Amino acid sequence: QLITQAYQHANDRLKLSAVFAMGRSLDAERWGSIVLEELAAPDPEMRYEAARAAGELEYAPAVRKLGELLDDVDEEVQLVTVWSLGQIGGEKARQLLVAVLESDAEHLHEEAENALAELEFKADNLDFTMFDFEDDDEEDEKPKRKRRRDED
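Residues numbered from 1 in each chain as written. Predicted model: local features only at pLDDT ≥ 70, side-chain atom pairs only at ≥ 80, totals over all residues. Heavy atoms only, no water.

Engineer: I'm lost on the overall build of the protein chain in this one. Help?
Structural biologist: Looking only at helices and strands, the protein chain features nine helices and zero strands. When the elements of the protein chain are put in sequence order from the N terminus, they spell out α-α-α-α-α-α-α-α-α. Looking at the protein chain residue by residue over its 152 residues, the buried ones come to 36%. Within the protein chain, counting contacts between residues at least 6 apart in sequence, those at least 24 apart form 60% of the total. Surface summary for the protein chain: the accessible area is close to 10,900 Å², and the carbon and sulfur share equals 46%. (Helix = DSSP H or I, 4+ residues; strand = E, 2+ residues; numbered from the N terminus. Buried < 20%, exposed > 50% of the residue type's maximum accessible area, 1.4 Å probe, protein only. Contact = heavy atoms within 4.5 Å. Areas by Shrake-Rupley, 256 points an atom, 1.4 Å probe, with all protein chains shown as cover.)

Written as structure tokens, this is what we have:
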């Protein structure tokens, strides 16, 4: 409710903070459509916060609009957009990141490499079957820590 109130407030700083909070909430179902809408905001600060929030929400429907922000007039928006694509993942995000690496936008290359590495890491299916997680009966035999009382 506080995020909604801040977003609806007339103060632009509160609205920016609300979009930031939307990303941190990890509630894509609730905030994804607002974040998506703010990706087209006229204010570069709002586009930045919306792009970052889309990444934190891992909001896949934002990938197309994020692709458009790779050519944003604001370099900071471009950088956070690359990061967000790495967080969201998927084939379309991968294609966009590879295109960044192949582009003349050298200021984005390092961030694109990092984003691709993140995307690959998240895409890997980690196999934990090599670990043995058998229950140990010995745990029950461990001595319990005694509580110390302060004496006057």
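Let's pick the thread back up.
Engineer: Would you mind going over the pattern of salt bridges with me for this structure?
Structural biologist: Close approach of charged atoms lets side chains of opposite charge pair. Under the definition given, this model contains eleven salt bridges. Note that R47 is salt-bridged to D72, the shortest N-O span being 2.7 Å. Placement of the pair is R47 in helix 4 (residues 44-57) and D72 in the loop between helix 5 (63-69) and helix 6 (75-88), with a sequence separation of 25 residues. Residue class for D72 comes out buried when judged on its relative accessible area of 9%. Beyond isolated ion pairs, a larger network of salt bridges with shared partners links R24, E49, R52 and E56. (Salt bridge = Lys/Arg side-chain N within 4 Å of Asp/Glu carboxyl O.)

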